[in-house]
Amino acid sequence: MASIELEAPTSDRAAAGSANPRAGALQSYGLLYGSSPAMQELYEQIERVASTDATALIIGESGTGKELIARTIHEQSTRKEAPFIAVNCGAIPDELIEAELFGHEKGSFTGAIQGRVGYFEHANGGTLFLDEVTEMTPVRQVKLLRALETGTFYRVGSSEASYSDVRVIAATNRDPVTAVKENGLREDLMYRLAVFPLRAPPLRERDGDRELLAQHFLNELNEREGTQKVFSKRALETVRSWSWPGNVRELKNAVYRAFILAEKVVEIPHPHLVSRVKKPVTQGDAMSVWIGTPLADAQKQIILGTLKYCGGDKRRAARALGVSLKTLYNRLGAYGSEEREGEEEA
Ligand SMILES: Nc1ncnc2c1ncn2[C@@H]1O[C@H](COP(=O)(O)OP(=O)(O)O)[C@@H](O)[C@H]1O
Ligand SMILES: [Mg+2]
């Protein structure tokens, strides 16, 4: 993997973010939020690369904020007044990608009714973000490499070279070395892109950021909707304990979904235990409990279901369940305080 010796940071990062030295506070840099050491390191690297015109390759799992990192680099650079253009290479059919990137002349291929300028020219003076760059076929990769090396390219159907002043930032969710070995990424292109490699850390390696980010997303929603919803203690526990394989995207979506469902106290069901939130199905005097329901929850559902079936008559329900009236009262008391706790803890 290409790497370069990094010099010490030179400029003051305070200008870019609201870095707050208070312990436990959420720090930010450009568009990115996060206070963990892994993010601090990333902020320093972004700062270094932003002041240059070097091509950067952002490597990280899906949802780690690769596009946000690219936008932040752009906004911190002298190119910030010019366009930032994001292209998902994996979403464009191979036969069209050249025309999309470099433009094409009228009549250059079936369907090319009009000539069109490509993303390289659109991004002139600014930044071109090539997401999922490893998805390009080797033939297209050669053309991209040539454009990166010479700064010139040909619109499809044209023999006249075009020039555009762009900084390219590429991103991939694959390890580039593996992508070269197994997925057809050309080694020369990989080295050309990875002049400045940046790793977007997965959320599970970002100590403390999960809660801070969840609270940040909730604050944003509260502000937008004019509400004052709060997380329950259990929701925060879930945020801390779940590994978030879908990273910040998964966390953000989970907070949003929970926010919509909540009146005041926001609950985030543990993604591993989603069966917990599935209600039992009652049909006449039978009731089905979902496979995988934790035993304690199944017991609660059966007790509450039976009580309801008995019209709220506790003595009858206790008899039907084969427990003493005292046991039933104890259980109901525990369920009641569980519900109250959920609200108080929030
Ligand atoms: N550090 C961060 N701070 C705030 N929001 C973030 C952060 N990282 C990612 N996000 C949000 O998570 C979602 C996914 O980010 P994105 O940049 O599209 O990830 P990727 O390109 O790596 O899949 C977006 O809604 C983005 O705004
Ligand atoms: Mg992306």
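Residues numbered from 1 in each chain as written. Chains lettered and ligands numbered in written order. Predicted model: local features only at pLDDT ≥ 70, side-chain atom pairs only at ≥ 80, totals over all residues.

Visitor: For the overall build of the chain, give the residues involved together with the corresponding values.
Guide: Along the chain, the regular secondary structure elements total 13 helices and 13 strands. Per-residue burial over the chain gives 30% buried out of 346 residues. In the chain, the proportion of contacts linking residues at least 24 apart, taken out of those at least 6 apart, comes to 69%. (Helix = DSSP H or I, 4+ residues; strand = E, 2+ residues; numbered from the N terminus. Buried ≥ 20, exposed ≤ 12 C-beta atoms within 10 Å, placed from the backbone. Contact = placed C-beta atoms within 7 Å.)

Visitor: Break down the pairing of strand β3 (residues 56–59) for me, citing the residues and quoting the values.
Guide: Of the two faces of β3, the one carrying Ala56 and Ile58 and the one carrying Leu57 and Ile59 are both buried. Examined bridge by bridge, β3 and strand β8 (residues 167–172) share 4 bridges and lie parallel to one another. Counted as the bridge partner of leucine 57 is alanine 170 from β8. Sheet topology places β3 next to strand β9 (residues 196–199); 4 bridges connect them, and they run parallel. Its bridge partner being in β9, isoleucine 58 is matched across the sheet by leucine 198. (Pairing = 2+ DSSP bridges.)

Visitor: Mind laying out the nonpolar core, listing which residues take part and the relevant values?
Guide: Core analysis: the largest hydrophobic core is formed by 65 residues, its most contacted members being Ile58, Phe120 and Leu128. Counting the residues that make up this core, at least three belong to each of domain 1 (13–201) and domain 2 (204–274). (Core = buried A, V, L, I, M, F, W, Y, C linked by C-beta atoms within 7 Å. Domains from an automatic or database assignment.)

Visitor: Could you give me a rundown of the site of ligand 1, with the residues and numbers involved?
Guide: Neighbouring ligand 1 are 15 residues, the closest being Tyr33, Gly65, Lys66, Glu67 and Val248. Of the residues assigned to the shell around ligand 1, the class counts are 5 nonpolar, 6 polar and 4 charged. Looking at which domains feed residues into the shell around ligand 1, each of domain 1 (13–201) and domain 2 (204–274) supplies at least three. (Near = placed C-beta within 6 Å. Nonpolar A, V, L, I, M, F, W, Y, C, P; charged D, E, K, R; others polar.)

Visitor: Give me helix α9 (residues 233–241): which residues, what numbers.
Guide: Among the residues of α9, those classed as buried are Ala235, Thr238 and Val239. Down the axis of α9, the buried side of the element spans an arc of 100 degrees, and every buried residue falls inside it. Of the residues in α9, the exposed ones pointing more than 90 degrees away from the buried face are Arg240 and Ser241. Summarising the contacts, the buried residues of α9 are in contact with α8 (209–225), β10 (230–231), α10 (247–261) and β11 (265–266). (Arc of directions from axis to C-beta.)

Visitor: Summarise the packing of helix α1 (residues 37–50) against helix α2 (residues 66–75); cite the residues concerned and give the values.
Guide: As a packed pair, α1 and α2 sit with axes 9 Å apart at the nearest point and diverge in direction by 45 degrees. Our classification of the angle between α1 and α2 gives oblique. As for how α1 packs across α2, the hand of that crossing is right-handed. Across from Ile46, Val49 and Ala50 in α1, the residues of α2 making contact are Ile69, Thr72 and Ile73. Here the residues of the contact of α1 with α2 are counted per class, giving 5 nonpolar, 1 polar and no charged. (Axes fitted to C-alpha atoms, helices over the stretch in contact; angles between N-to-C directions. Parallel < 35°, antiparallel > 145°, perpendicular 65-115°, else oblique. Left-handed = near helix turned anticlockwise from the far one by under 90°.)

Visitor: Give a description of the environment of isoleucine 268 that names residues and reports values.
Guide: For isoleucine 268, the position within the fold is in the loop between β11 and β12 (281–283). A tally of 23 C-beta atoms within 10 Å means that isoleucine 268 is categorised as buried. C-alpha separation for the pair isoleucine 268 and serine 232, spaced 36 residues apart in sequence, amounts to 8.4 Å. Leave out the neighbours within four places in its chain, and isoleucine 268 touches Ala235, Thr238, Val239, Ala254 and Ala258.

Visitor: Go over unusual backbone geometry with me, naming the residues and quoting the values.
Guide: Its identity is not glycine, yet tryptophan 244 carries a phi of approximately 50 degrees, on the positive side. The residue tryptophan 244 is located in the loop between α9 and α10 in this model. With a phi close to 60 degrees, asparagine 247 is a non-glycine residue in the positive phi region. Checked against the element boundaries, asparagine 247 lands in helix α10.

Visitor: Outline the sheet that holds strand β4 (residues 84–88), listing residues and values.
Guide: A sheet is described by the order of its strands in space; here 5 strands give the open sequence β4-β5-β8-β3-β9, paired in parallel fashion. In the strand order of this sheet, the two ends are held by β4 and β9, each with one partner. On average, each strand axis in the sheet is inclined to that of its neighbour by 20 degrees, with strand direction left out of account. Pairing geometry for β4 and strand β5 (residues 127–131), over 5 bridges, is parallel.

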